[in-house]
Amino acid sequence: TRLAALLLVSALRAEPRCRQILGADRRDPIGEALRLIRADPSASWTVEKLARSVGMGRSNFAAQFSRGVGRSPMEVVAERRMEHAAAMLRQGKLKIAEISDMAGYNSEAAFSRRFTRHFGQSPSQMRDQAQAERAAASAPAPAFRKLLASPLAPDAATAGRDAAAPRRGEGASALLDHFRLAPRD
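Being a predicted model, the structure only gives us computed values, none of them experimental.

Any details on the overall build of the protein chain? Residues and values, ideally.
Looking only at helices and strands, the protein chain features 12 helices and 0 strands. Along the protein chain, from the amino end to the carboxyl end, the secondary structure elements read α-α-α-α-α-α-α-α-α-α-α-α. Taken over 185 residues, the protein chain has a buried fraction of 23%. If you take every contact in the protein chain between residues at least 6 apart in sequence, the share linking residues at least 24 apart comes to 51%.

The following block contains the structure:
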């Protein structure tokens, strides 16, 4: 019987298709759970629901997840929800109550507390900051800033203090010639 078992094992090892049939399951349940969380952060995820979704037991899943990712499954869910909420806040189109609901929170107050703890600023502060940044980026620079940034002609810096004001009758053209800017390259 021992000889028959050795012959069977030897024959199975020699067959390449045998490894595919009898080999260990090569799927990645932790990666699959991360994809599920990323795809729908607002779902009412629990460790048990995530474990069941990837075909594992709750405690085994939690241990493998924590070992592989370095954080608990619920920490990852909360972080993804906060990133999702921050992205919606930066767009500035929805109310905070709507965003908290879309981020998976039943209470706006609980959402605001968690958001403030995560980012160090309240949801309304983040939205206001994003609006101010958008307004600053879209505002055109005043035309006089271009003049201030351009270099003066070599003699223009001393022209104002050395030369007298234009004489009567010389007009604005003499004044402009007097303070002419150097041509741009």
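Tell me what's going on with the packing of aromatic side chains, and back it up with residues and numbers.
For any pair of aromatic rings, the description rests on two quantities: the centre-to-centre distance and the angle between the ring planes. Across all of its chains, the model carries 4 aromatic pairs by this definition. Judged by centre distance (5.6 Å) and plane angle (45 degrees), the ring pair of Phe111 and Phe115 falls under tilted. With Phe111 and Phe115 both in helix α8 (residues 108–119), this residue pair falls 4 residues apart, about one helical turn. An identical accessibility class is assigned to Phe111 and Phe115; each is buried. By way of ring pairs, the aromatic residues Tyr105, Phe111, Phe115 and Phe119 are connected into one cluster. A cation over a ring is seen here: Arg81 above Tyr105, with NZ or CZ 5.8 Å from the ring centre.

Run through the packing of helix α6 (residues 73–91) against α8, naming residues and quoting values.
It is at 11 Å that the axes of α6 and α8 come closest, and there the two elements cross at 95 degrees. When the axis of α6 is compared with that of α8, the two are roughly perpendicular. The segment α6 lies against α8, with Ala78, Glu79, Met82, Glu83, Ala85, Ala86 and Leu89 engaging Phe111, Arg114, Phe115, His118 and Phe119.

Tell me about the pattern of salt bridges, and name the residues and values.
Any two side chains of opposite charge can pair, so long as their charged atoms come close to each other. Applying the stated criterion to the full structure yields 3 salt bridges. In this structure, Arg71 and Glu79 form a salt bridge, with 2.1 Å as the shortest nitrogen-oxygen distance. Exposure remark for Arg71: the relative accessible area of 32% places this residue in the partly exposed category. Across the pair Arg80 and Glu83 runs a salt bridge whose closest N-O atoms are separated by 3.8 Å. Linking Arg80 with Glu83, this pair stays in helix α6, spanning 3 residues, or about one helical turn. Take Arg80: its relative accessible area is 23%, and that puts it in the partly exposed class.

So what about the nonpolar core? Which residues, and what values?
Ala33, Leu50, Phe61 and Phe65 are the most contacted members of the largest nonpolar core, which has 14 residues in total. Taken together, the elements giving at least two residues each to this core come down to α3 (29–39), α4 (47–53), α5 (58–69) and α6. With near-sequence residues (within four places) excluded, Phe61 lies in contact with Ile30, Ala33, Val47, Leu50, Ala51, Val54, Met56 and Pro73. One finds Leu89, Ile96, Ile99 and Ala103 within the second-largest nonpolar core, a separate group that totals 12 residues.

Give me the lowdown on the environment of Gly55, citing residues and values where you can.
Structurally, Gly55 can be placed in the loop between α4 and α5. When the C-alpha positions of Gly55 and Pro29 are compared, they lie 7.7 Å apart, and in sequence the two are 26 residues distant.

Just give me the short version of helix α1 (residues 2–14), but keep the residues and values in it.
Given a rise of 1.5 Å per residue, 13 residues ought to cover 18 Å, and the 19 Å separating the end C-alpha atoms of α1 matches this to within 8%. Counted residue by residue, α1 has 0 buried out of 13 residues, so it is predominantly exposed.

So what about the packing of α3 against α6? Which residues, and what values?
A pair of packed helices is captured by two measures, namely the crossing angle of their axes and the spacing between those axes. Axis separation between α3 and α6 bottoms out at 9 Å; the angle between their running directions is 30 degrees. Classed by the angle they form, the pair α3 and α6 counts as roughly parallel. Of the two possible hands of crossing, α3 and α6 adopt the one that is right-handed. Two secondary-structure elements touch here, α3 through Leu34, Ile37 and Arg38 and α6 through Val76, Val77 and Arg80.

About the cut-offs
- Residues numbered from 1 in each chain as written.
- Predicted model: local features only at pLDDT ≥ 70, side-chain atom pairs only at ≥ 80, totals over all residues.
- Heavy atoms only, no water.
- Helix = DSSP H or I, 4+ residues; strand = E, 2+ residues; numbered from the N terminus.
- Buried < 20%, exposed > 50% of the residue type's maximum accessible area, 1.4 Å probe, protein only.
- Contact = heavy atoms within 4.5 Å.
- Phe/Tyr/Trp six-rings, centres within 6.5 Å; stacked < 30°, edge-to-face > 60°.
- Lys NZ or Arg CZ within 6 Å of the ring centre and 35° of its normal.
- Axes fitted to C-alpha atoms, helices over the stretch in contact; angles between N-to-C directions.
- Parallel < 35°, antiparallel > 145°, perpendicular 65-115°, else oblique.
- Salt bridge = Lys/Arg side-chain N within 4 Å of Asp/Glu carboxyl O.
- Core = buried A, V, L, I, M, F, W, Y, C linked by side-chain atoms within 4.5 Å.
- Expected span 1.5 Å × (residues − 1).
- Left-handed = near helix turned anticlockwise from the far one by under 90°.

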